[in-house]
Amino acid sequence: MSASTDNPRNALVIPALGRVYAALHDGAETVLRVVAGGFLAIHGSQKITNPFGAAEMVEGLGFYPGALWSLLLACTEFFGGIFIAIGFLTRPAAFAGLFVLLVTVWFHWVTMDQGYSGAEKSLLWAAILLFFVIRGGNRHSVDARIGKAF
């Protein structure tokens, strides 16, 4: 490795910003996790009050029995969102949410024939959750506090 790749701050146009970026690194990642999890939980709160309300819709997508998948959808969004926000079982919760979002990508892009423009928001959310599937909850999470991560 060259000297410029050994120390990422050497590659910065303004090397002094390296300290700022390093100081904000974990905090920015934590904010992204809390916001993503919180928004997912808020979105799921509409479903958790009527966990079987989406049964017909999920059966229309080919997921049978609809009551089971509707319940799983509601729990994944609401409880999974809370888990992601607090950083508890971060990777499994993010993976479950990622699965839900990839189904919504399929629904909008293929089933509804809306293409990229219909699936764009789901693709962005899927990318965010993929990040947490790979990275986990970081040091500002319940996973880190209990000393165990999936």
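Residue indices begin from 1 for each chain and proceed along its sequence in written order. Two thresholds apply to this predicted model, a pLDDT of at least 70 for residue-level local features and 80 or more for giving and counting side-chain atom pairs, whereas whole-chain, interface and lining totals are computed over all residues. Working from all heavy atoms in the structure, the side-chain values ignore hydrogens and water.

Observations concerning the pattern of salt bridges
What counts is decided by this rule: By salt bridge we mean one thing: a side-chain nitrogen of Lys or Arg within 4 Å of a carboxyl oxygen of Asp or Glu. Comment: elements are numbered from the N terminus, with helices defined as DSSP H or I runs of at least four residues and strands as E runs of at least two. Each residue gets one of three labels from its accessible area relative to the maximum for its type: buried under 20%, exposed over 50%, partly exposed in between, using a 1.4 Å probe on protein chains only.
Scanning the model with the defined rule gives three salt bridges in all. Between Asp26 and Arg139 there is a salt bridge, with its nearest N and O atoms 2.4 Å apart. Residue Asp26 is found in helix H2 (residues 17-48), and its partner Arg139 is found in the loop between helix H6 (115-135) and helix H7 (142-146); the two are separated by 113 residues along the sequence. Salt-bridge contacts for Glu77 lead to Lys47; the nearest nitrogen and oxygen are separated by 2.9 Å. Here Glu77 is found in helix H4 (residues 66-86), whereas its partner Lys47 is found in helix H2, with 30 residues between them in sequence. Given the relative accessible area of 21%, Lys47 is considered partly exposed.

Regarding H6
Filter applied, for reference: A helix is expected to reach a length of 1.5 Å times the quantity of its residues less one. A residue's bend is the angle separating two fitted axes: one through the seven residues that end there, the other through the seven that start there. Contact between two residues is taken to exist if any of their heavy atoms lie within 4.5 Å; hydrogens are not considered.
The end-to-end C-alpha distance of H6, which contains 21 residues, comes to 29 Å, matching closely the 30 Å that a straight helix rising 1.5 Å per residue would cover. Of all the bends in H6, the greatest measures close to 45° and is centred on Lys121. Within H6 the residues assigned to the buried category are Gly115, Ala119, Ser122, Ala126, Ile128, Leu129, Phe132 and Val133. If you follow the buried residues of H6, they end up packed against H2, H4 and helix H5 (90-111). Gly136 sits one or two positions beyond H6 and adopts a positive phi of about 80°.

Nothing here speaks to function; it is geometry throughout.
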